[in-house]
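Residues per chain are reported as follows:
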Amino acid sequence: MYLQRFLQKLTNTRALVESSGELETQYFESMYRVIYLEGISFSETNIGYWMYSSTVKALILLLVFSEVWQFVSARLTIDTVIDSTNIIAIQLSAAFKYRSRLVHKNVFRRLASSMNSPNFDLSTDERKKLMEVWQKRNEAHLKLLLALGTCTLIAWYIYPLVDELDYNLMVSVRLPYDYQNSTLYPITYIGLIVVFSYMSYFVMVNDLTIQAHLMHLLCQFAILNDCFRNILKDCVEDCKDMNEMQLFSNNKFKQRFIRRLGNLSEQHKFLLNITSQLREILSRPMLAQMVVSTTLICCIGFQVAISVSVNFTKWVMSLLYLGYNMFVLYILCRWCEELKIQSTAIGDALYFSGWESGITRIPGVRSSMLLILARANKPLVMSAGGMYDLSLEAYATMVKTSYSALTVLLRLR
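Residues numbered from 1 in each chain as written. Predicted model: local features only at pLDDT ≥ 70, side-chain atom pairs only at ≥ 80, totals over all residues. Heavy atoms only, no water.

1. Focus on the environment of arginine 101
Under the convention used in this document: Numbered from the N terminus, helices here are DSSP runs of H or I no shorter than four residues, and strands are runs of E no shorter than two. Remark: exposure states derive from per-residue accessible area (1.4 Å probe, protein chains only) relative to the maximum for the residue type, with buried under 20%, exposed over 50%, and partly exposed in between. In what follows, residue pairs with any heavy atoms lying within 4.5 Å of each other are defined as contacts. Between N or O atoms, a polar contact is any pair within 3.5 Å; within protein, one atom must be a potential hydrogen donor and the other a potential acceptor, and residues adjacent in sequence are included only when both atoms are from side chains.
Within the element layout of this structure, arginine 101 appears in helix H5 (residues 78-103). When its relative accessible area of 8% is taken as the criterion, arginine 101 is described as buried. Apart from residues lying up to four places away in sequence, arginine 101 is in contact with Ile35, Ile40, Phe42, Phe108, Asn206 and Thr209. In terms of polar contacts, arginine 101 uses its side chain to reach the backbone carbonyl oxygen of isoleucine 40, at 3.4 Å.

Written out as structure tokens, the structure is:
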């Protein structure tokens, strides 16, 4: 309890103060606090945080430069080549995602505040429960991703202390001084732990941002589905004592139903538009994610296979690293496929709304329903560079491709 209060005080970000309301705060609070702690929040304007953020970014850039310098200048073994390639690739991929978020920060701001739409309806207990379920699911996946990444880091920090080398570091870097002595090595090792931790959480935070926004949209689609499915029930609240003939000839009911259908149609178009914007923004970063993840799964799988009988700590480190990358790729593909399913489910929800009872006899209702069905008939498909559709089938294909490449590497070893 005291730790939680301390963390809340430590991460008292302006993003929560400037949020569009209770729903955004409830959904994105944990993510905003993690982003603030990492030093890459766009909401802060005070000089102290600017200095902190600039220092973190400068240290991350220096780490990447040192890794690249070591990679191009030193004679490396196959194992260190794989390590360096994996680390540099995932860091560059994270930087690409961060740049996309920075360039389109106004779009992400609108995405985060999209639940403030006047047509977003939480008027029933069922919809409030749906909101709560998705919020808890988002929180659980955030914690799971951070826990898996943190466990990987712990193993990464332990490995240099138990391997056969006297002055080894957790990453292959080139420094402008000789640290391989008993005086400078502890200082260098601790300093590198701090910088590498910031870099690692920088990678994780960018993955968390994509995941959170995808689940945010999924929550809104799920609630919209419930609204369409129960549209007739919502409109007969004050007319329960009427039969169908009386109901459909009642002007008050007809006006209410037409207005309700129009509002839901506007909400549907609104969600389609902001999802299309997110798809365009994430298209190239997701292509980079696919390429990097496919390569990482193959290379890290190779390390897992060859280190199992040589070094247990190296094997655990590689296994956790492999698990993290496979989990991130799986989660992104899963939520992208779920978004496709939820967007097409709008048509099913409208079909089961009770239109066959005669509601389509009201002027304008039939044409409005057909337009909604036509929009829902074209599913929202998140793509990677316009080349691959992101789905669980694509994930399975990438894993199979990585496994095929891994078998070739093992044969050549």
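From this point, the narrative continues.
2. Section: the confidence of the model for the protein
Selection criterion: For every residue, the predictor reports its confidence as pLDDT, a number between 0 and 100.
Averaged over every residue, the pLDDT of the protein is 85; residues scoring 70 or more account for 94%. Mean pLDDT across the secondary structure elements of the protein bottoms out at helix H10 (residues 244-248), with 62, and peaks at helix H8 (residues 184-229), with 91.

3. Here's the deal with helix H12 (residues 312-351)
Defined as follows: Expected span of a helix: the number of residues minus one, times 1.5 Å. Note on bend: at a given residue it equals the angle between the axes fitted to the 7 residues ending there and to the 7 starting there.
The first and last C-alpha atoms of H12 sit 57 Å apart over 40 residues, in line with the 58 Å expected at 1.5 Å per residue. Of all bends in H12, the biggest is about 30°, found at alanine 345.

4. Some points on the layout of surface pockets
Under the convention used in this document: Cavities and pockets are defined on a 1 Å grid built over the protein atoms alone: a cavity is a set of grid points where a 1.4 Å probe fits but cannot escape, while a pocket is an open set with protein on both sides within 12 Å along at least five of seven lines, and lining residues are those with an atom within 4 Å of any such point. Grid points are joined across faces, edges and corners, and a volume is the space filled by probe spheres set on the points. In this classification, Asp, Glu, Lys and Arg are treated as charged, Ala, Val, Leu, Ile, Met, Phe, Trp, Tyr, Cys and Pro as nonpolar, and every other residue, Gly included, as polar.
Estimates place the volume of the second largest pocket at around 640 Å³. In terms of lining residues, the second largest pocket is bounded by 19 residues, among which Leu7, Ser30, Arg33, Val34 and Leu146 are the most central. At the level of elements, helix H1 (2-10), helix H3 (22-38), helix H7 (125-162) and H8 are the ones that each hand at least two residues to the lining of the second largest pocket. It is H3 that provides the largest number of residues to the lining of the second largest pocket, a total of 6 residues. Partitioned by chemical class, the residues of the lining of the second largest pocket number 9 nonpolar, 5 polar and 5 charged.

5. Focus: the side chain of glutamine 211
The topology assignment puts glutamine 211 in helix H8. The class of glutamine 211 is buried, set by a relative accessible area of 3%. The contact partners of glutamine 211, leaving out residues within four places of it in the chain, are Asn138, His141, Leu142, Ile331, Leu332 and Trp335.

6. Some thoughts on empty space enclosed by the protein
On inspection of all chains with the given rule, the structure shows 6 cavities of 30 Å³ or more. Taken as a whole, the largest cavity holds about 180 Å³ of empty space. If you trace the largest cavity, you find 14 residues lining it, with Ile90, Trp156, Ser200, Val203 and Tyr321 closest to the centre. Elements supplying a minimum of two residues to the lining of the largest cavity: H5, H7, H8 and H12. Tallying contributions element by element places H8 first for the lining of the largest cavity, with 5 residues. Here the lining of the largest cavity is built from residues that sort into 10 nonpolar, 4 polar and no charged. Lining the second largest cavity we find 13 residues, and of these Ile90, Lys97, Asp207, Gln289 and Asn325 sit closest to its centre. Looking at the lining of the second largest cavity, the elements with two or more residues in it are H5, H8, helix H11 (251-307) and H12. Its residues assigned to classes, the lining of the second largest cavity shows 7 nonpolar, 4 polar and 2 charged.

7. Details of the packing of aromatic side chains
Convention followed: Whether two aromatic rings pair depends on their centres lying within 6.5 Å, for rings of Phe, Tyr and Trp, where Trp uses its six-membered ring; planes under 30 degrees apart make the pair stacked, over 60 edge-to-face, and the rest tilted. Criterion for a charge above a ring: Lys NZ or Arg CZ within 6 Å of the ring centre, and within 35 degrees of the ring normal.
Summed over the entire model, instances satisfying the criterion amount to 15 aromatic pairs. Ring centres 4.7 Å apart and planes at 20° place the aromatic pair tyrosine 36 and tyrosine 49 in the stacked group. In this pair, tyrosine 36 is assigned in helix H3 and tyrosine 49 in helix H4 (residues 47-73), connecting sequence segments 13 residues apart. We note that tyrosine 36, like tyrosine 49, is buried. Between tryptophan 156 and tyrosine 321, the aromatic rings sit 4.8 Å apart at their centres with planes inclined by 65°, giving edge-to-face as the arrangement. Residue tryptophan 156 is located in helix H7, and its partner tyrosine 321 is located in helix H12; the two are separated by 165 residues in the primary sequence. For tryptophan 156, a relative accessible area of 8% translates into the label buried. You can call tyrosine 321 buried: its relative accessible area is 8%. The rings of Tyr36, Tyr49, Tyr52 and Tyr198 are connected pair by pair, giving a single aromatic cluster. Above the face of the phenylalanine 42 ring, lysine 105 is positioned so that its terminal group lies 5.8 Å from the ring centre.

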